[in-house]
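These are the residues of each chain, in order.
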Amino acid sequence: MPSNVSIYNNGAGPQNVQSVGGTQSNNNGSGTQNNYYAGKDNVVRGTRTRNLGNAANHSSRENFKIAIICALPLGYDAITMLFNQPWVDYAEKYGRAPGDKNTYTTGRIGDHDVVLVLLPKMGKASAAMAATRLMSSFPRLKLAFLVGICGGVPRIGKNEARLGDVIISKTVVQYDFGRQYTSEFVIKKTVDDLLGRGDDGVRSLISIYETEHGRRQLRKMSGQYVGDLLETAKRMGYQTDYGYPGIAEDKLFKPEYEHQHRLPSSCDICQKETENYCDEAAGASCNDLHCSDEHLVHRELRPSHSPEIFVGRIASGDRVMKSGQHRDQLAKEQDVIAFEMEGAGICDYADSHKNKKCQPFAALAAAAVTKVVLGRYYALTDASAVP
């Protein structure tokens, strides 16, 4: 019987279901259902049942086709909430290839067996090393997601991006890779080719999400998953609050308005006319520094807080973008819609007024979109036919 079939028994009469893998029968009028599938039986009283898969059916690491890589614990926890059934006890059973220092979590998301890895530290080098080791231990992987958080460009075409929206990368530009001249830094133009492109299945899927119809479906389904994940986090007692932090925390300041100490502060660094970096100011909140709402960019309110989806070019690098002016300049020059070291969910606007209050919700939204994209990708490519 397929793993995505659910059986409901709300009546008092008998129920008999014939499955390819075996017979399922219910001849008990009290609502007890006895499932017989592949030689295993479970008794579920008055509830829905479905086959969540069994880790024991997987003899080796070569059976895994899908991987998810997370850079931050927030993203990792959000992804683990997607698991129908995490196989904690089986992660070490599969082992690792010689020299692989990654730590893996395995489980099932929807109809797919997934291996999850958390990076030991942030940055491109760490991600590349982890990916190399991942491929050595799981050599038959067909698809890998890099899921996390990012800084968004406030205006994407005619649309306004908001905190909690999700970016799907179409191409990537490494904005700290190029040549430094006396007066400027020139990004290498062929970086798209150097970083590689997705296969035909990935490119076909992304093209669907560039259409209004595709994004509408993605918004609807991911919005439902966001609600499910919020309930899961509460039910499992997660200490992190993954809820939407509120419109009051979604502040976009004008690019030239810096996050710094203001008069009557005696900070010598911030009061200089030239641009200087103040480590103390960078670690303080806008409330602590009395950043004025008079310098906010006026934006129309959205009718809902469901994440919007954007598809485009992401600027990737080991440097965190924390300048509104440089953000807008690079976005215009390179046609990018987000800045990241790893991620996808918009948690700030890549300016000096960064705060971490929206990071959990952004990570949750990215996880929800990942589940939708994963299901749609394999529906398009007919995963069952992949050897």
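Here is what the cut-offs are and how they apply
Residues numbered from 1 in each chain as written. Predicted model: local features only at pLDDT ≥ 70, side-chain atom pairs only at ≥ 80, totals over all residues. Heavy atoms only, no water. pLDDT = per-residue confidence, 0-100. Contact = heavy atoms within 4.5 Å. Buried < 20%, exposed > 50% of the residue type's maximum accessible area, 1.4 Å probe, protein only. Helix = DSSP H or I, 4+ residues; strand = E, 2+ residues; numbered from the N terminus. Arc of directions from axis to C-beta. Salt bridge = Lys/Arg side-chain N within 4 Å of Asp/Glu carboxyl O. Expected span 1.5 Å × (residues − 1). Core = buried A, V, L, I, M, F, W, Y, C linked by side-chain atoms within 4.5 Å. Polar contact = N/O pair within 3.5 Å; in protein donor to acceptor, adjacent residues only side chain to side chain.

1. Quick notes on the confidence of the model for the chain
- A residue-level look at the chain finds 71% of positions with pLDDT of 70 or above and a mean pLDDT of 75.
- Every residue in residues 190-194 scores below 50 in pLDDT, and together they form 11 contacts with partners more than four places removed in sequence or on other chains.
- Contacts from residues 383-387, a stretch scored under 50 in pLDDT, to residues over four places away or in other chains number six contacts.

2. Quick notes on helix α9 (residues 324-334)
- Regarding α9, the residues found buried are G324, R327, L330, A331 and Q334. Each buried residue of α9 sits inside an arc of 130° when the element is viewed along its axis, so together they form one side. Counted as exposed and oriented over 90 degrees from the buried face of α9: K332 and E333.
- D335 sits one or two residues past α9 and shows a positive phi near 55°.

3. Remarks on the pattern of salt bridges
- Overall, the coordinates contain 11 salt bridges when judged by the stated rule.
- In this structure, D250 and R299 form a salt bridge, with 3.1 Å as the shortest nitrogen-oxygen distance. Of the two residues, D250 sits in the loop between α6 (212-235) and α7 (279-282) while R299 sits in the loop between α8 (286-289) and β16 (309-316), which places them 49 residues apart along the sequence.
- Salt-bridge contacts for D328 lead to R327; the nearest nitrogen and oxygen are separated by 2.8 Å.
- Through salt bridges with shared partners, one network takes in R155, E160 and R162.

4. What to know about helix α3 (residues 124-137)
- With 14 residues, α3 should cover 20 Å at 1.5 Å per step; its first-to-last C-alpha distance of 20 Å lies within 8% of that length.
- When we look at burial in α3, the residues that qualify are S126, A127, A130, L134 and S137. Down the axis of α3, the smallest arc covering the buried residues is 95°, so these residues share one side. Turned more than 90 degrees away from the buried face of α3 sit A125 and T132, all of them exposed.
- On its buried side, α3 packs onto β5 (66-70), β7 (104-109) and β8 (112-118).

5. Observations regarding unusual backbone geometry
- Even without being a glycine, D335 presents a positive backbone phi close to 55°.
- With respect to the helices and strands, D335 occurs in the loop between α9 and β17 (336-340).
- Not every positive phi belongs to a glycine, and A350 is a case in point at roughly 55°.
- Looking at the secondary structure, you find A350 in the loop between β18 (345-348) and α10 (359-381).
- Residue A350 is classed as buried on the basis of its relative accessible area, which comes to 1%.

6. Considering the nonpolar core
- Counting residues in each nonpolar core, the largest one holds 56 residues, and the members touching the most others are I68, I167 and I168.
- Take this core: its biggest share by element is 13 residues, from α10.
- Those residues in contact with I68 that sit more than four places away from it in its chain are I79, I109, V114, V115, L116, V117, F145, V147 and T370.
- Grouped together as the second largest cluster of nonpolar side chains are 14 residues, A67, I69, A71 and L119 included.

7. Things to note about the environment of D100
- Secondary-structure assignment places D100 in the loop between α2 (91-94) and β7.
- On the accessibility criterion, D100 (6% relative accessible area) is buried.
- Residues D100 and R133, 33 residues apart in the sequence, show an inter-C-alpha distance of 5.2 Å.
- Each residue touching D100, except ones within four places of it in the same chain, is listed here: R133, S136 and S137.
- There is a polar contact of 2.8 Å between the side chain of D100 and the backbone nitrogen of N102.

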